[in-house]
Amino acid sequence: MSNNLDEILSLTKEISFQDSEDIDITVTEYGEKLSETDDIEFLWVARNTSTTVKNASSNIKNFNDQNIANNINQNGPVRLGDEVFVFNKSYSWKVHDLKKFIQWVVEKSKDNDDLVDSLLAIMGQTFVPKLKGLDAFSNSRDINPEMIRDTFLYKEWREKSELKAINTNNTSAPKWAKELGHKERKK
């Protein structure tokens, strides 16, 4: 892995010097090999090494961000280059009692139209229900969950494919994934 790590770091360094949005991965010999290979195991090893580098880099950035924030908190905002750093302690709102909140919204609504308008305002135009919750609601009313999904929801496909990884050591991993051997494909 050490040699692979050196290659990934070298490739990362070269790519970081590129100004274009479209990166040229072939700037090193290792990058050329990556771009030309069909060896899934080689790609997998490179992916895992890249993830290690990414995690280490993120940890360094987080460490620096925390130290900069502490400095700004003690000494005040500062401009460095084209950035001005200020200190903000972040927070997020939480609902004390969701059931009581929903009951309050229902009770304060004049009629169904007012309730729908209130719910739209609270949930926003981009609200998407939790699928398992929607399915449970449908099942509890003896309505086919698939029909409800098809009636009210649609899938918006992304342009780029996403790679998903299933950790076979997780108890929630599907049985078929756990049964696959190294380099064995699902049929």
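Source: prediction; values computed, not measured.

Caption draft 1: Structural context of the packing of helix α4 (residues 98-108) against helix α5 (residues 112-123). Contact geometry of α4 with α5 gives a least axis separation of 8 Å together with a crossing angle of 140°. Between α4 and α5, the crossing angle belongs to the class labelled oblique. Contacts from Phe101, Val105, Val106 and Lys108 in α4 reach Asp114, Leu115, Ser118, Leu119 and Ile122 in α5. Split by residue class, the contact of α4 with α5 holds six nonpolar, one polar and two charged.

Caption draft 2: Inspection of unusual backbone geometry at higher detail. Of note in this structure, Asp142 is not a glycine but carries a positive phi near 55°. Looking at the secondary structure, you find Asp142 in the loop between α6 (131-140) and α7 (145-152). The class for Asp142 is exposed, based on a relative accessible area of 75%. Of note, the phi angle at Lys183 is positive, near 70°, even though the residue is not glycine. Looking at the secondary structure, you find Lys183 in the segment after α8 (175-179). The exposed category is assigned to Lys183, whose relative accessible area is 54%.

Conventions used here
Residues numbered from 1 in each chain as written. Predicted model: local features only at pLDDT ≥ 70, side-chain atom pairs only at ≥ 80, totals over all residues. Heavy atoms only, no water. Axes fitted to C-alpha atoms, helices over the stretch in contact; angles between N-to-C directions. Helix = DSSP H or I, 4+ residues; strand = E, 2+ residues; numbered from the N terminus. Parallel < 35°, antiparallel > 145°, perpendicular 65-115°, else oblique. Contact = heavy atoms within 4.5 Å. Nonpolar A, V, L, I, M, F, W, Y, C, P; charged D, E, K, R; others polar. Buried < 20%, exposed > 50% of the residue type's maximum accessible area, 1.4 Å probe, protein only.

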